[in-house]
Amino acid sequence: MSAALHPWLDAPLREALARQQAHALLVQGAQDRGPLDFSIALARAWLCETPASQRPGGLACGRCGGCHLVDERSHPDLRLLVPESLRAAAGLPADEAGESGSAKTRKPSREIKVDAVRAALEFIGLTPSRAGLKVLLIHPAEELNLVAANALLKTLEEPPGPMRFVLGCGAPQALLPTLRSRCQSVVLPRPDREAALAWLQAQGLQDAAIVLDACGGEPLRALEQAREGRDAEAWRRFPSQVLQGDGAGLAGWPLPVLVEALQRLCEDRLRQALGLPARAFPQLEPPKGPVATERMIAALTETAAWLRTRAAQADHPWSAPLAIEALLQRTRSALDARSRPL
Ligand SMILES: [Zn+2]
């Protein structure tokens, strides 16, 4: 299990370690920013056994027995509480609890179950066996249901012994306010563009800037998209495919990816209508001929709102070709709203 943290998370990690005052931290950041990796890096720093005076910035040394055990996910004072669906991402073996015999045939659960929370709280109440404290990491904390969150609340309020909590969270608005208010917040910033590009190039990505821009500046998503075949060439083609209504060319795109890309395309057209350069798709040509700016802005705003409702449903098993057609048709007419009636 590699312990290297993404380079754009290095400065925020140092800052979080320097500023940390509470025993519970809430790490907020979209999945693409690596809140889980970041939370694990925090736990690793807390459990590192090299004297703090020999570790600049309080970062983990990466060489001691404590660091090694965290990297192996077998540290006796660390508990990672993640749903089944994130066990692999957290570096954990598949459902070791074996709570269901059908684990292989059904979709991995996205929930954090209350029984798992109770077991983790029992664990954290025990005396630390190796380090001077116990660490409980929960991610994503918004997946705790009311019962599970309430079970956790009391321990957060009055920890029974030396312990630290790190709660990772992609959607803080979905988190119970009582939970949020008991934690010190760490907000992961948008990755620095230069660092993101350097990292993507080091991963062997060609024309990384094109993919990074199309993916909203989020390097992990950019790499994932490129590996799934949506590389620089695919993103370069994308605006003209939409403008030409080329549904066949976009067949096979996962709907959530397509919806998000269409939203970015609308935003870019809106920027152009306001006299600003396109950001996600620099190759999107500005509309030719006279533009009914107000009409275009109205159509784009409306379509962006409609796409947001589609994004909320994009996990649904729609009939994909029909869905792609409908998405393209609507977006296309908004992008080209010069002469069309609303
Ligand atoms: Zn260490």
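Where an unreviewed UniProt entry is consulted, the protein chain appears under the name DNA polymerase III subunit delta, with the organism given as Sphaerotilus natans subsp. natans DSM 6575.

### Notes on the packing of helix H12 (residues 293-312) against helix H13 (residues 320-335)
For any two helices packed against each other, the geometry is given by the interaxial angle and the distance between the axes. Look at H12 against H13: their axes get within 8 Å of each other, and the N-to-C directions meet at 160 degrees. By the angle between their axes, H12 is roughly antiparallel relative to H13. As for how H12 packs across H13, the hand of that crossing is left-handed. For the pair H12 and H13, contact is made by Met-296, Ala-299, Leu-300, Glu-302, Thr-303, Trp-306, Leu-307 and Arg-310 and by Ala-326, Leu-327, Arg-330, Thr-331, Ala-334 and Leu-335, respectively.

### Examining the pattern of salt bridges
Summed over the entire model, instances satisfying the criterion amount to 14 salt bridges. In this structure, Arg-33 and Glu-218 form a salt bridge, with 2.7 Å as the shortest nitrogen-oxygen distance. Of this pair, Arg-33 sits in the loop between strand S1 (24-28) and helix H2 (35-47) while Glu-218 is found in the loop between helix H8 (208-214) and helix H9 (219-227), placing the two residues 185 residues apart along the sequence. Where Arg-236 meets Glu-233, a salt bridge forms, and the shortest distance between an N and an O atom there is 3.2 Å.

### Some points on the packing of helix H4 (residues 114-125) against helix H5 (residues 146-157)
Contact geometry of H4 with H5 gives a least axis separation of 8 Å together with a crossing angle of 15 degrees. Relative to H5, the element H4 is oriented roughly parallel. Classified by chirality, the crossing of H5 by H4 is right-handed. Every residue of H5 that contacts H4 at Val-114, Val-117, Arg-118, Leu-121 and Ile-124 is listed here: Val-147, Ala-148, Ala-151, Leu-152 and Thr-155.

### Details of the side chain of Gln-272
Relative to the elements of secondary structure, Gln-272 occurs in helix H11 (residues 255-273). Once residues within four sequence positions are removed from consideration, Gln-272 is found in contact with Ala-278, Leu-284, Glu-285, Pro-286 and Pro-287.

### A short note on helix H1 (residues 10-19)
The set of residues buried in H1 consists of Pro-12, Leu-13, Ala-16 and Leu-17. The buried residues of H1 all sit within an arc of 135 degrees when viewed along its axis, so they share a single face. Of the exposed residues in H1, the ones pointing more than 90 degrees away from its buried face are Ala-11 and Ala-18. Buried residues in H1 make contact with H2 and strand S5 (184-187).

### What about the domain arrangement of the protein chain?
Under the domain assignment, the protein chain is made up of domain 1 (9-187) and domain 2 (231-336). Inter-centroid distance (C-alpha atoms) of domain 1 to domain 2 is 38 Å.

### Side note on the nonpolar core
Ranked by size, the top nonpolar core spans 73 residues in total, and within it Phe-38, Leu-42, Trp-235 and Phe-238 carry the most contacts. Summarising the domain contributions, this core has at least three residues from each of domain 1 (9-187) and domain 2 (231-336). If we skip the residues at most four places from it in the chain, Trp-235 touches Ile-210, Val-211, Ala-214, Cys-215, Gln-225, Arg-230, Trp-253, Val-257, Ala-261, Phe-281 and Gln-283.

### Here's the deal with the pairing of S5
Residues of S5 alternate between two faces, with Gln-184 and Val-186 buried on one and Ser-185 and Val-187 left unburied on the opposite face. As paired strands, S1 and S5 are joined by 4 bridges and run parallel to one another. The partner of Leu-25 across the bridge, within S5, is Gln-184.

### Remarks on the packing of aromatic side chains
Evaluation of the coordinates by the stated rule reveals 6 aromatic pairs. Pairing Trp-8 with Trp-199 gives two aromatic rings, centres 5.1 Å apart and planes at 85 degrees, and the pair type is edge-to-face. Here Trp-8, found in the segment before H1, pairs with Trp-199, found in helix H7 (residues 193-202); they are 191 residues apart in sequence, far enough to count as distant. By the ring-pair criterion, three or more aromatic residues cluster together here, those being Trp-235, Phe-238, Trp-253 and Phe-281. Positioned above the aromatic ring of Phe-123, the side-chain terminus of Arg-79 is 4.7 Å from the ring centre.

About the criteria used
Each chain has its residues counted from 1, running along the sequence as written. Predicted model: local features are reported for residues with pLDDT of at least 70 only, side-chain atom pairs are reported and counted for 80 or more only, and whole-chain, interface and lining totals are derived from all residues. Values shown for side chains rest on all heavy atoms present in the structure; no hydrogens or waters enter the calculation. Fitting a line to C-alpha atoms yields each axis, with helices limited to the stretch in contact; the angle taken between N-to-C directions then spans 0 to 180 degrees. Numbered from the N terminus, helices here are DSSP runs of H or I no shorter than four residues, and strands are runs of E no shorter than two. Throughout this description, any angle smaller than 35 degrees is read as roughly parallel, any larger than 145 degrees as roughly antiparallel, any in the 65 to 115 degree range as roughly perpendicular, and the remainder as oblique. We call a crossing left-handed when the near helix sits turned anticlockwise from the far one by less than a right angle, and right-handed when that turn is clockwise. Between two residues, a contact is recorded if the distance between any of their heavy atoms is within 4.5 Å. Think of a salt bridge as a Lys or Arg side-chain nitrogen and an Asp or Glu carboxyl oxygen that are within 4 Å of each other. Burial classification: accessible surface area is computed with a 1.4 Å probe over protein chains only, and a residue below 20% of its type maximum counts as buried, one above 50% as exposed, and the rest as partly exposed. Note that the arc is computed from the directions linking the helix axis to the C-beta atoms. Where each domain starts and ends comes from a domain assignment, either automatic or drawn from a database. Working definition of a nonpolar core: buried Ala, Val, Leu, Ile, Met, Phe, Trp, Tyr and Cys residues. They are joined through side-chain atoms within 4.5 Å. A pair of strands is treated as paired once DSSP finds two or more bridges between them. Two aromatic rings from Phe, Tyr or Trp, using only the six-membered ring of Trp, form a pair when their centres are within 6.5 Å; if the ring planes differ by under 30 degrees the pair is stacked, by over 60 it is edge-to-face, and anything between is tilted. Charge over a ring is defined by NZ of Lys or CZ of Arg lying within 6 Å of the ring centre and within 35 degrees of the ring normal.

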